[in-house]
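Observations on chain architecture
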Amino acid sequence: ITLDIEKETPQIQNNSISQERLINQFEYDEPPPANIRISPSVYRFSVGTVWKTGWGSTTIQRVSNYPVPRITIHISAGKFNANENVRITIDGKAITTVSANSEGYVNTNVKLPSGLLTGRKLVELQGLETNIKAKAIFEAIALQEVRYRPPCSCCGCWIWRRDPIAQTFKTDKDFYLSSIDLHFPKAPRGWIQLTIVKTTVGLPDLNKVVYTQRFENLSSGWQKLKLNTPVLIKSDEEYALIVESQHYGDTISTAKLGKWDEASKRWITKQALEGVLLTSANKSTWTPIQDEDLTLKLNKATFKHQKTIDLGTIEVENITDLAILADTLIYPDTNIQIIATLQDKNNQQITLSPYIPVSIPKYTGKIKLQAVLQTNNPEVSPVLDGNIQLAVGTVQLPSTYISRYFQANGNKLSVYLDVKETTQAKANVYYRSGSNWIKLTRNFQNAKPKDDGYIEIPFEADITGIDKTQIKIELTSTDQMQRPQVKNLRAIVT
């Protein structure tokens, strides 16, 4: 999601036309692909907290190759034969076979297979009668909280294999690509698919897909292909625009050195673009054509100053915490605000930041969620990922933490804890003696303030006759908005 585009201007262009070239020159006609949609297409889930030694703020990181919970996803697809049996596979593993309805549509719920790991997974439907296929991407993201302790001195995109052509290009200045103008000598008979990828050693790298979109019902001549979302093209990268067609025989205009330019009525004496035209028979092995370029215009977007997006309304019950789960890209002179409005509490507004929980008084009612995108530079827009989730929760009081057993061969137990409290929110420390928990006494005389607002407090007790014990920390509050915070637990037996 980006700001609305106010106007477009060509950033990279080649207006020369000297000949036409087959797009899908090595392919033959085949059954048209089926439409497909999966929900959710992106699934985020939490996998707990990891502690690191050092200094830093709490962050959220993605965890690779983590087992995905066996949730149920909804799959809808069309353009199969009526009542045709359709096989569903996920990541190459056959899941089930379902029947299309009388209109050729599949509408079903599928449980993810066991052993699936996080990442982008291919969901494929194949008609067993027509061999019609549909492919989409399901992405599972494991999120892990990263906390620091100081050192102690003691994604429904599409995937198709076609025989395309490609044009590499670079820019001397970052810009947002909003549309692409291509010239077709005659109208394509079916869809045209554009894919933007980064290059590796000058060749298109399909492991670095930046954007892909399919266009239908195109005419002959210049055609403006508007992208569903603007794409940031960076000056320090080389890209390739891959053009694919549904049918063999579709052509596209190019400009070749030494040929007559039908557009400007002159001979082409120098290369129009800095990039290279390439052809491929398998979309993996590419042949460069050094004296020919695609006829095209890559258009730069100019954005409006502000845009407000309604993300929907949900009903909640007795919640005390909110967190927005969304990925954002904030560039200089841009900003994104995500606002939660408590409609049943005088429309109170709360500003949320991605992955940072916010405490609120206990609330039951409707929450309206909006995103406000802003920029002071019309050539740059902040980016909000379209897969947005609102997490809600209710604080549990009291909350307890219990350590593992440790040896206690001594007479005195001293527990050191960095504490941040209020008059309503307190932290108490206990040790185990047999089946009982005994409260430790605070030693206020030896308490030490910390730079970050915490106070290091010693908690002490005599423990003669105990060979092992555990520590329990109990967090209490008479106001759920005021919560004690503790960190840096250390226990010493002397």
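In this report, we go over the structure that sits alongside the text.

The rules behind the values
- Residues numbered from 1 in each chain as written.
- Predicted model: local features only at pLDDT ≥ 70, side-chain atom pairs only at ≥ 80, totals over all residues.
- Heavy atoms only, no water.
- Salt bridge = Lys/Arg side-chain N within 4 Å of Asp/Glu carboxyl O.
- Helix = DSSP H or I, 4+ residues; strand = E, 2+ residues; numbered from the N terminus.
- Buried < 20%, exposed > 50% of the residue type's maximum accessible area, 1.4 Å probe, protein only.
- Pairing = 2+ DSSP bridges.
- Phe/Tyr/Trp six-rings, centres within 6.5 Å; stacked < 30°, edge-to-face > 60°.

Quick look at the pattern of salt bridges
One pass over the full model with this rule turns up 23 salt bridges. Taking the shortest distance from any N to any O, the salt bridge between Glu 379 and Lys 173 comes out at 3.3 Å. Of the two residues, Glu 379 sits in the loop between strand 29 (358-375) and strand 30 (383-384) while Lys 173 sits in the loop between strand 12 (165-169) and strand 13 (175-184), which places them 206 residues apart along the sequence. With a relative accessible area of 46%, Lys 173 lands in the partly exposed category. The closest approach of N and O atoms between Arg 490 and Glu 456, which form a salt bridge, is 2.9 Å. Here Glu 456 lies in strand 39 (residues 455-462) and Arg 490 lies in strand 42 (residues 485-493), a separation of 34 residues in the sequence. Residues joined in a network through salt bridges with shared partners are Arg 44, Arg 62, Glu 139, Asp 327 and Asp 385.

Structural notes on the pairing of strand 6 (residues 72-78)
The side chains of a regular strand alternate, first on one face of the sheet and then on the other. Bridge count for strand 3 (residues 35-39) against strand 6 is 5 bridges, and the pairing is antiparallel. Opposite Ser 39, over in strand 6, you have His 74 as the bridge partner. Bridging between strand 6 and strand 9 (residues 106-111) involves 6 bridges; their strand directions are antiparallel. Paired with Ile 73 across the two strands is Val 110, which belongs to strand 9.

Thoughts on the packing of aromatic side chains
Tallied over the entire structure, the rule returns 6 aromatic pairs. Judged by centre distance (5.4 Å) and plane angle (20 degrees), the rings of Tyr 43 and Phe 45 are stacked. On the basis of relative accessibility, which here comes to 17%, the residue Tyr 43 falls in the buried class. Among the residues examined, Phe 45 registers a relative accessible area of 9% and is labelled buried. On the basis of an interplanar angle of 50 degrees and a centroid distance of 6.1 Å, the ring pair of Phe 45 and Tyr 66 is categorised as tilted. Placement of Phe 45 in strand 4 (residues 42-53) and of Tyr 66 in the loop between strand 5 (59-63) and strand 6 is noted, with a sequence separation of 21 residues between them. Joined through ring pairs, the aromatic side chains of Tyr 43, Phe 45 and Tyr 66 make up one cluster.

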